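# Coordinate inspection notes
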Amino acid sequence: RSRVDQFPKLAALIQDLVRQHQPVGVILAGDFNTPGGVWSTRPLRQAGLNDAWPIAGRGWGATMTADFPVSRIDQC
């Protein structure tokens, strides 16, 4: 539960930083241990962040150590 609660706080921090500094872009990378697009990351999408994998990635996009990984849990 504490991990899920971190996403709205992180989104608010990013929105505050964007308002203050007006950057050209924002990159957020982390070991979220959750699949891309999962419901708990919705606050990040609402803050204007997009998952880069569907836009520019190739293949499965998995990060788990395996010959045939089927899950992408790290968002780096």
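Up top is the structure.
Just so it is clear, the structure is predicted and the values come from calculations on it, not from any experiment.

## Some remarks on the overall build of the chain
From N to C terminus, the chain includes three helices and zero strands. For the chain, the succession of helices and strands along the chain, N to C, is α-α-α. Among the 76 residues that make up the chain, the fraction classed as buried is 24%. Taking all contacts inside the chain whose residues are at least 6 apart in sequence as the whole, residues at least 24 apart take part in 54%. In the form shown here, the chain has an accessible surface area of approximately 5,900 Å², with 55% of it arising from carbon and sulfur atoms.

## Brief notes about the side chain of Thr 41
Position of Thr 41 relative to the elements: it lies in the loop between helix H1 (2-21) and helix H2 (42-46). Taking the relative accessible area as the measure of exposure, Thr 41 reaches 8% and is therefore buried. When neighbours within four sequence positions are excluded, Thr 41 is seen to be in contact with Phe 7 and Thr 34.

## Here we look at the pattern of salt bridges
Under the defined criterion, the tally for this structure stands at two salt bridges. Of the charged contacts, one joins Asp 5 and Arg 1 as a salt bridge, the two residues approaching to 3.4 Å between their closest N and O atoms. The exposure class of Asp 5 is partly exposed, given its relative accessible area of 31%. Taking the relative accessible area as the measure of exposure, Arg 1 reaches 71% and is therefore exposed. In this structure, Arg 19 engages Asp 16 in a salt bridge whose closest nitrogen and oxygen atoms are separated by 2.5 Å.

## Quick notes on the environment of Ala 47
Along the chain, Ala 47 falls in the loop between H2 and helix H3 (52-56). Spatially, the C-alpha atoms of Ala 47 and Ala 11 are 5.7 Å apart, while their sequence positions differ by 36 residues. Once residues within four sequence positions are removed from consideration, Ala 47 is found in contact with Ala 11 and Gln 15.

## Topic: the nonpolar core
By size, the foremost hydrophobic cluster in this structure holds seven residues: Phe 7, Ala 11, Ile 14, Phe 32, Leu 44, Ala 47 and Leu 49. No other element matches the three residues that H1 contributes to this core. Ignoring anything within four residues of it in the chain, the contact list for Ala 11 reads Pro 43, Leu 44 and Ala 47.

The rules behind each value
Residues numbered from 1 in each chain as written. Predicted model: local features only at pLDDT ≥ 70, side-chain atom pairs only at ≥ 80, totals over all residues. Heavy atoms only, no water. Helix = DSSP H or I, 4+ residues; strand = E, 2+ residues; numbered from the N terminus. Buried < 20%, exposed > 50% of the residue type's maximum accessible area, 1.4 Å probe, protein only. Contact = heavy atoms within 4.5 Å. Areas by Shrake-Rupley, 256 points an atom, 1.4 Å probe, with all protein chains shown as cover. Salt bridge = Lys/Arg side-chain N within 4 Å of Asp/Glu carboxyl O. Core = buried A, V, L, I, M, F, W, Y, C linked by side-chain atoms within 4.5 Å.

Functional significance is not addressed by these values, which are geometric in nature.
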